Amino acid sequence: MFVENKTTEFKRVYVEDIKNTIVAFANCDGGTLYIGVDDDGTVYGVDDVDGTMLRVTNAIRDAVRPDVTMFVECHNDVMDEKPVVCVIVQRGTARPYYLHGKGIRPEGVYVRQGASTVPATDAAILNMIKETSGDSYEAARSLNQHLTFNKAIDFFKKRKVEFGKAQMRTLHLIGEDDMYTNLAFLLSEQCTHMIKLAVFEGSKKSVFKDRRELSGSLLKQLEEAFDYIDRFNRIRAEFSGLDRLDMRDYPPESIREALLNAIVHRDYSFSGSTLISIFEDRIEFVTIGGLVKGIVLDDVMLGVSVLRNQNLANIFYRLRLIEAYGTGILKINECYNDYAVKPMIETTCNAFKITLPNTNFHSQEQKASNTLKMVSSTSVTKKEERINAVLELCRSKGSIIRSDVESALGVSQSTAILLLRELTGDSVLIKKGKTKNLRYYENKHRSG
């Protein structure tokens, strides 16, 4: 007599949860299910062997995903002179296997634990996916297999690119196991990765003016994010003679390239959102996922591109959203060739940040600075002219009174008083007498 263990299971009669055991064997080390044998090993046999075998094979075909039939053999046997049905299951190559009606989650994925069939943990499911698909996030099987692609279908149609089942396989949205990949998840309405946009007052993150959170298909997020940013990309007018020149705060091409970079190159194995912050003087794009291992920022600035999401980039290339790999950063810099301010790129181990400066803000700031310098220069020149005029007046008349300054310079009484007070304070003039008899003389003994 033999007993139940990790690779052996007994069922006295056919029951619906037999498919759970099939899934568990395929997800672990394989095993054999005996129908017609009680839990204690007593053989009772099966009354309808052919009918039972048909029910088993139908259940496996209809309820288990991915297709596990190639790893299952079902045949009749005789034990203790009684007919039993033996279901031999090998370890599958497309794990995790799961019940179609439950999905790739603990209630649908089963494993063997000793002699028992139990739901798999979330960690065990993710480990099986990783073992099957490798380290590539976009190539791994999507945990959600109930995906819709309305936006993607519409987007592909507008760009005159085919998007049927055959193309989905070619583009790696459907894997070799006939299951949707994470790449398909990213283009589906069910995508949970987000772009968060915020508009701030001034140049600090202290006061929110507006905010928006985008989810769903990355193609939908791309369109909505660009339209949202464009609302705040103001047009400022300048005049050159009779001609009016309209200037955008940010070159639209730089926004487009920065946004595409944030979507195509981010690390989707992390759940955090892409952050876009709009300030009065700049826009910041912060993406999860630093540079790919082996690449440094200097390489990126030269146009070197090592793609984290090769298949996603290929789809964006086919849709003519990107022209060639590695040109995005170069294009952003080219957009600012005619401006004094330049984009800034920063990286850490787990993040990538592009800062686009507001060209109109910095242009106005520079003009204001130049105007202040001109006003300051004019004020200094005017002051010196007045001082020289007072000194010349004093030398020609020997001494002066306040009204002499008012008449000679054409200034008000208060201005004349302030000017004379400043000159006496600097020891340029000395005063003698009081009130009505107060007169001012050049200080011929002053230094300098």
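For the structure itself, look to the data block above.
Small disclaimer: the values here were computed from a predicted structure and weren't measured.

Things to note about the sheet that holds strand 13 (residues 274-278)
Inference 1: Spatially, six strands are ordered 10-9-13-14-16-15 in an open sheet, and the strand pairing comes out mixed. Only two strands of the sheet have a single partner each, and these edge strands are strand 10 (208-214) and strand 15 (344-347). Averaged over all neighbouring strand pairs, the angle between strand axes comes to 10°, with direction disregarded.
Inference 2: One ladder, built from seven bridges, connects strand 14 (residues 282-288) with strand 16 (residues 351-357); its direction is antiparallel. Within strand 16, the residue paired with Val286 across the bridge is Lys353.
Inference 3: Packed on one face of the sheet, helix 8 (residues 252-264) meets strand 9 (195-200), strand 13, strand 14 and strand 16 and runs near 170° to strand 16.

Regarding unusual backbone geometry
Inference 1: Arg65 connects to Pro66 through a cis peptide bond whose omega is -10°.
Inference 2: Note that Pro66 resides in the loop between strand 3 (64-65) and strand 4 (72-79).
Inference 3: Non-glycine residue Asp80 carries a positive phi angle of around 50°.
Inference 4: Along the chain, Asp80 falls in the loop between strand 4 and strand 5 (82-89).
Inference 5: Phi angles above zero are rare outside glycine, and Asp178 is one such case at about 65°.
Inference 6: Residue placement: Asp178 occurs in the loop between helix 5 (165-170) and helix 6 (182-187).

Rules used in this analysis
Residues numbered from 1 in each chain as written. Predicted model: local features only at pLDDT ≥ 70, side-chain atom pairs only at ≥ 80, totals over all residues. Heavy atoms only, no water. Pairing = 2+ DSSP bridges. Helix = DSSP H or I, 4+ residues; strand = E, 2+ residues; numbered from the N terminus. Axes fitted to C-alpha atoms, helices over the stretch in contact; angles between N-to-C directions. Contact = heavy atoms within 4.5 Å.

Any functional reading would require information beyond the geometric quantities listed.
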